[in-house]
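# Remarks on the overall topology
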Amino acid sequence: MGHQVIIFDFSLIRGLWETRVKKNKERQRKEKERLEKSSLEKIKQEWNFILECRKKGIPQSKYLKNGFVDTDEKVLDTYGKTTQLQKKCALSDEANKERNKFIFQLSGQQWTEFPESLKDQTFLKEWHVSNTSIQTIPDYIALFQELRVLELSKNQINHLPVEIGCLKNLKVLNVSFNNLKSVPPELGDCENLEKLDLSGNMEIRELPFELSNLKQVTVVDVSANKFPSIPICVLRMSNLQWLDISSNNLRDLPEDIDRLDQLQTLLLQKNKLTYLPRALVNMPKLSLLVVSGDDLVEIPTAICESTTGLKFISLKDSPVETIVCEDAEEIIESEREREQFEKEFMKAYIEDLRERDSAPSYTTKVLLSLQL
């Protein structure tokens, strides 16, 4: 008897199998639909949704409508985002409120002296006083050992008390555009000072040598005064990065100015300089040098052709018409206003220069004028 060979048509078998698979999937789909439509599954879905809403702190009024649960996922997304934003705003407001407790602010010409209640607020960290008629800083400022910022610009202050040297934590001192004629040596005891602004006082001629102790200072602004030279103490501020001594009476610069090896910005415009020392080339971090070019007859070629990225700006200052006033105080006030305007102009100009993608390395004939 020979061998029996059974031959199957695999295409038929595959067809039967695929039919069974399709029928099984169809049964699963119908069962799923039945479950989804059943009240038990709906109750389970609603309960899970309610639990999720409770976790996120969403009030019932947001997901219950006429006694029925609205399971729209948008409720979770929208309220979640809103809640996060509200929390951030609340935290920000709370932080500002907390910070403001340590800040004293005062403004208005009606103020001729500091309020008596200030004496008891020795926990303050910042004073911001401007545009007042106040002439004197009280001696009890020595009690404010937590003071970090002392902003007293545009007042009528005519002297700084020696007690200011007691402010060991002071970081910012701004007494610009007042009536100061000198600075007490005790200021040199503020060893943590980082910014010193004496600009616009019009009459300061020198700084005490004791300010050499201010090794943390990075910014010094003594513009719009009567300095005949850069003070020795400034040359000993080893961390100095910004020096504005424009609008003074400088006739020359010290040959050892390159000892300020951290200096990045040097503003010298509106002085009486006739030459610039070659030592400026030896200042590795100097990136911006501004002068008035009207009187300059000698400029080191290395400055104009600097390969270190130095921006050298020579301003051509337009003479300003002087208005004749019988009142000397009115003349001084007009000069002070002009200096404020020019200071704002230079600040905006420098910021714009730094923001440019391709700033010029050498600029001449920048017209700077103001008609009062």
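By convention here, each chain's residues receive numbers from 1 onward along its written sequence. Selection of residues for local features in this predicted model requires a pLDDT of at least 70, selection of side-chain atom pairs for listing and counting requires 80 or more, and totals for whole chains, interfaces and linings are taken over all residues. In computing side-chain properties, one takes all heavy atoms of the structure into account and sets aside hydrogens as well as water.

### Description of the nonpolar core
Applied cut-off: Here, nonpolar core means buried Ala, Val, Leu, Ile, Met, Phe, Trp, Tyr and Cys residues that are tied together by side-chain atoms lying within 4.5 Å of each other. Any residue under 20% of the maximum accessible area for its type is buried, any over 50% is exposed, and the rest in between are partly exposed; the area is computed with a 1.4 Å probe on protein chains only. Secondary structure elements follow DSSP: runs of H or I of four or more residues count as helices, runs of E of two or more count as strands, with numbering from the N terminus. In what follows, a contact means two residues having at least one pair of non-hydrogen atoms within 4.5 Å.
In terms of nonpolar packing, the biggest core is built from 64 residues, with W127, L150, L207, I257, L276, L280 and L289 touching the most fellow members. Secondary structure elements with two or more residues in this core: β3 (103-108), β4 (126-132), α4 (232-235) and β11 (288-292). Tallying contributions element by element places α4 first for this core, with three residues. Leave out the neighbours within four places in its chain, and W127 touches F104, F114, L118, I141, F144, L147, V149, L150, E151 and L152. By size, the runner-up hydrophobic cluster in this structure holds nine residues, among which are V290, M346, Y349 and L353.

### Quick look at the state of the cysteines
Condition: The disulfide definition used here is simple: a pair of cysteine sulfur atoms within 2.5 Å.
Under the definition given, this model contains zero disulfides. Not engaged in a disulfide, the cysteine C166 finds its nearest cysteine sulfur in C190; these two sulfurs lie 8.4 Å apart.

### Some thoughts on the environment of L243
Position of L243 among the secondary structure elements: in strand β9 (residues 242-244). The buried category is assigned to L243, whose relative accessible area is 1%. Residues L243 and V222, 21 residues apart in the sequence, show an inter-C-alpha distance of 8.0 Å. In this structure, L243 is in contact with V220, I230, V234, L263, T265, L266 and L267, ignoring residues within four places of it in sequence.

### A look at unusual backbone geometry
The backbone of N131 sits at a positive phi, close to 55°, despite the residue not being glycine. Phi angles above zero are rare outside glycine, and K154 is one such case at about 60°. Relative to the helices and strands, K154 is located in the loop between β5 (149-151) and β6 (172-174). According to the relative accessible area criterion, K154 is partly exposed, its value standing at 38%.

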